[in-house]
Amino acid sequence: MRETSDQACQLRLRDGVIKVQDLRIKKSSSLKDLPFFDPKAELGFGTHFTDHMFFCRYSESKGWHDAEIGPYGSLQLDPAASVLHYGQSLFEGMKAFRRGDGSIWLFRPQFNWERMCKGAQRLTLPEPSQEVYIEGLKKLLEIDQRWVPPLLGTSLYIRPTLIGSEAFLGLRPAKEAFFFIILSPVGFYYAEGNKLVKIWVEAKDVRASEGGLGSVKAGANYAASLRASMIAKKRGYSQVLWLDSKHEGIEEVGTMNVFFVFDDEIVTPNLNGSILPGGVRDSVLQLLRNSGLAQGRMVSERRITIQELTERQAKGELREAFGTGTAAVISPIGEICGEHQSFVISHESGPVSTSLLETLQGIQWGSLKDDFGWMCPLEEL
Ligand SMILES: Cc1ncc(COP(=O)(O)O)c(C=O)c1O
């Protein structure tokens, strides 16, 4: 692919973390055809990629350097790169929305940048500076903005990724890293669309354990989850309900945090170190606590075991269950099944998950007031 233009713009100097450097922009000469922006049919999730990507290198001696936006394409990675051997890999998931007036808005970009920095600390990778992360993202979105789909249920999914790139086989943190951002227009995350999902309780594999990587978005957590997810899918379940390493405490669901609505209480597992602190989880807690959506119920972040859930469901106290996440938004759970339990919670989305979804989407799409300051217009990024 031939590059047609080559511009330069300055990144700001901040706290001496990075030196002033040029962001090179090489635009693609052959733009792709846009897919049909339908939430279900053609768009799906994570199969289309935009024309460009952002890329930046880190080395101990130079810090972050060689920031570039260029045509979407392969990375050049040494076969000895640490990510390929010791799994130094971390990513984020964010979304941009196109509102009715054509403007583009992001949901809590600062939250995701901060979470990536915490993840980088855990994986001993260099933290991408705010300039590299946010300004790289802003410029990339400006260039590829025709890819932000306009229909409710669609959005532009943003995947910032950080990997150890140093070619060195001794076991120690990489001294060189790549940070890149790719974009993908998406529709519904689940094949079911916006219908209820069925969840399989995993009683053998463990995704993450205390002291491990569960609280950060490390690629390794997802590698650990694939076998059970694949078996669950073969059994007809969309995702796995993960338990702690003793197979007692409920942790999270596939790529979502999980909430249970009982008669008197709404419970989500507390952030115990092995659960990802989700941005949507945090937003849902704020909505439940501050805008009456809990309908008078107590809102708890606490340990909840699969045994308690099963017993309270048997007593008829479980009204709703739902997952929360950037990709799946609010996803009502219809059925929970495992080796030791099997129950239907509901055949339709309940009032709490329905009102949360409507409120969150209203805030994201601009039909409801954003009292929490979560939305950021592209030009103010
Ligand atoms: C394991 C896991 N838990 C929870 C979440 C939800 O996090 P967020 O709301 O930030 O998307 C995700 C998705 O990113 C995830 O992969």
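As a convention, each chain's residues are numbered from 1 in the sequence order in which they are written. Where local features are concerned, this predicted model is filtered to residues with pLDDT of at least 70; where side-chain atom pairs are given and counted, the filter is 80 or more; whole-chain, interface and lining totals use all residues. To obtain the side-chain values, all non-hydrogen atoms of the structure were used and water was disregarded.

Caption draft 1: Structural detail: the overall build of the protein. Secondary structure is summarised from DSSP: a helix means a run of H or I of at least four residues, a strand means a run of E of at least two, and numbering begins at the N terminus for each. Helix and strand counts for the protein come out as seven helices and 19 strands. Note on method: radius of gyration uses C-alpha positions; expected globular size equals 2.2 Å times residues raised to 0.38. Here the C-alpha radius of gyration of the protein, 21 Å, is about what a compact globule of 381 residues would show, namely 21 Å. Going through the 381 residues of the protein one by one, you find that 54% of them count as buried. The contact definition used throughout considers only heavy atoms, calling two residues in contact when any of these lie within 4.5 Å. When contacts within the protein are restricted to residue pairs at least 6 apart in sequence, those whose partners lie at least 24 apart make up 69%. Under the convention used here, Asp and Glu are negative, Lys and Arg are positive, and both His and the chain ends fall outside the count. Lysine's charge is taken at NZ, arginine's at CZ, aspartate's at CG and glutamate's at CD. Side chains of the protein give 43 positive and 47 negative charges; the mean places of these two sets differ by 2 Å. Burial classes follow relative accessibility: with a 1.4 Å probe on protein chains only, a residue under 20% of its type's maximum area counts as buried, one over 50% as exposed, and anything between as partly exposed.

Caption draft 2: Local environment of the domain arrangement of the protein. As assigned here, the protein comprises domain 1 (3–188) and domain 2 (197–365). Of note, the centres of domain 1 and domain 2, computed from C-alpha atoms alone, are 28 Å apart. Counting from both sides, the interface comprises 26 residues of domain 1 and, opposite them, 24 residues of domain 2. For the domain 1 and domain 2 pair, buried surface summed over both sides reaches about 2,000 Å², with 62% attributable to carbon and sulfur atoms. Computed with a 1.4 Å rolling probe, the buried area is the accessible surface lost when two parts are put together, summed over both parts. Three residues stand out in domain 1 for area buried against domain 2, namely Phe-91, Phe-107 and Arg-115, and they jointly supply 28% of the buried area on that side. Here, a salt bridge means any side-chain nitrogen of Lys or Arg that lies within 4 Å of a carboxyl oxygen of Asp or Glu. Of the charged contacts in the structure, one is a salt bridge between Asp-282 and Arg-108, with a shortest N-O distance of 2.9 Å. N or O atoms closer than or at 3.5 Å make up a polar contact, with two conditions inside protein: a donor-capable atom paired with an acceptor-capable one, and, for residues adjacent in sequence, both atoms drawn from side chains. Summed over the shared surface of domain 1 and domain 2, the number is 13 residue pairs in polar contact (both at pLDDT 80 or more). For the side of domain 1 that touches domain 2, the secondary-structure elements that each account for two or more residues are β5 (89–91), β6 (94–98) and α2 (109–122). The dominant element in the side of domain 1 that touches domain 2, judged by the number of residues it contributes, is α2, at five residues. Gly falls in the polar group here, along with every residue not listed as nonpolar (Ala, Val, Leu, Ile, Met, Phe, Trp, Tyr, Cys, Pro) or charged (Asp, Glu, Lys, Arg). A breakdown of the residues in the side of domain 1 that touches domain 2 according to their chemical character gives 13 nonpolar, five polar and eight charged. Domain segmentation is taken from an automatic or database assignment of domains.

Caption draft 3: Representation of the site of the ligand. Only heavy atoms are used to decide nearness, and a residue is near a molecule or strand if one of them lies within 4 Å of it. Around the ligand sit 16 residues, and of these Lys-217, Tyr-222, Glu-252, Gly-279 and Thr-326 come closest. Glu-252 has a polar side-chain atom sitting 2.6 Å from a nitrogen atom of the ligand. Thr-326 has a polar side-chain atom sitting 2.6 Å from an oxygen atom of the ligand. Protein contacts shield 97% of the accessible area of the ligand, which totals 380 Å² for the unbound molecule. Put simply, the parts of the chain that give the shell around the ligand at least two residues each are α5 (279–290) and β16 (318–325). Residue exposure ignores everything except the shown protein chains as possible cover, and the areas themselves are Shrake-Rupley values with a 1.4 Å probe.

Caption draft 4: Molecular detail of a nonpolar patch on the surface. Judged by side-chain polarity, Tyr-86, Leu-169 and Leu-171 come together as a nonpolar surface patch covering roughly 340 Å² of accessible area. Relative to the elements of secondary structure, Leu-169 occurs in the loop between β8 (155–164) and β9 (176–186). What goes into a patch is any residue over 30% in relative accessible area without a salt bridge, connected to like charges within 9 Å or, for nonpolar side chains (Val, Leu, Ile, Met, Phe, Trp, Tyr), within 5 Å.

Caption draft 5: Structural detail: the side chain of Ser-155. Among the secondary structure elements, Ser-155 is positioned in strand β8. Sequence-distant contacts of Ser-155, defined by excluding residues within four places in its chain, comprise Lys-95, Ala-96, Phe-97, Pro-149, Ser-184, Pro-185 and Val-186.

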